[in-house]
Amino acid sequence: MTLPMNAQKVSMHFIEKIKELSGENVKVCMQCGTCTSACPMSDEMDFFPRKVMHYSQFGLLQNLENINSYWKCASCHSCTVRCPRGIDIAKVMEALRLLVLRTSTNYIEPSQIPAEKLQEYPGIMMVAGFRKLTS
Ligand code: SF4
Ligand code: SF4
């Protein structure tokens, strides 16, 4: 199937943006699934890392909107050290988060966190979480 011209432009721009933000060329992914099998968070994700890479390498931005996969990524690099194509998948996940955060969209809303939880959670966890999940 051939994408309409404007859809092709969107796809190419999306792939280039991922490369700009992550430094990674997602087009070399060979869909082996090693990243998914290595990922400790895959059970929590809407789409496994392999599928996130698949949608990324074809520039299918619309399939990556409103999913939790890149937010659930723990940045553990377990996938990255195993990828036979040498792709830093953790960086790609971060790039996808940045694309959303740069639209001033938060994944979590600090104001929605109950006050008792704010007292209960360790400060370092809150700081790390806010840095990763808020714009
Ligand atoms: S391990 Fe690497 S090559 Fe294999 S599916 Fe994941 S990103 Fe693609
Ligand atoms: S860096 Fe993210 S995607 Fe890769 S194995 Fe860890 S949690 Fe999974």
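All values reported here derive from a predicted model rather than from experimental measurement.

**Student:** Just checking my understanding: could you explain the side chain of T80 for this structure?
**Tutor:** Mapped onto the fold, T80 is located in helix α6 (residues 78–82). Within polar-contact distance, the side chain of T80 engages the backbone nitrogen of A90 at 3.3 Å. In this view, T80 contacts I87, D88, I89 and A90; residues no more than four positions away in its chain are not counted.

**Student:** When you look at the domain arrangement of the protein in this model, what are you seeing that I'm missing?
**Tutor:** By a frequent convention, interface size equals the accessible area lost on bringing the separate parts together. Domain annotation for the protein reports domain 1 (5–103) and domain 2 (107–135). Just the C-alpha atoms count here: the centres of domain 1 and domain 2 sit 25 Å apart. Counting from both sides, the interface comprises 8 residues of domain 1 and, opposite them, 5 residues of domain 2. Of the roughly 530 Å² buried between domain 1 and domain 2 on both sides combined, carbon and sulfur atoms contribute 63%. Ranking the residues of domain 1 by area buried against domain 2 places W71, R97 and L101 at the top, with a combined share of 81%.

**Student:** Even after reading the chapter, I still don't get the layout of surface pockets, so can you show me in this structure?
**Tutor:** Empty space left among the atoms is revealed by rolling a probe the size of a water molecule over them. Empty space within the largest pocket amounts to approximately 360 Å³. For the largest pocket, the lining is made up of 18 residues, of which L61, E65, Y70, L99 and V100 are closest to its centre. Those elements that place two or more of their residues in the lining of the largest pocket are α1 (5–22), α4 (61–64), α5 (69–72) and α7 (89–101). Top element by residues in the lining of the largest pocket is α1. It accounts for 4 residues.

About the cut-offs
Residues numbered from 1 in each chain as written. Chains lettered and ligands numbered in written order. Predicted model: local features only at pLDDT ≥ 70, side-chain atom pairs only at ≥ 80, totals over all residues. Heavy atoms only, no water. Helix = DSSP H or I, 4+ residues; strand = E, 2+ residues; numbered from the N terminus. Polar contact = N/O pair within 3.5 Å; in protein donor to acceptor, adjacent residues only side chain to side chain. Contact = heavy atoms within 4.5 Å. Domains from an automatic or database assignment. Buried area = accessible area lost by both parts, 1.4 Å probe. 1 Å grid on protein atoms, 1.4 Å probe; cavity = no way out; pocket = protein on both sides within 12 Å on 5 of 7 lines; lining within 4 Å. Points joined across faces, edges and corners; volume = space filled by probe spheres on them.

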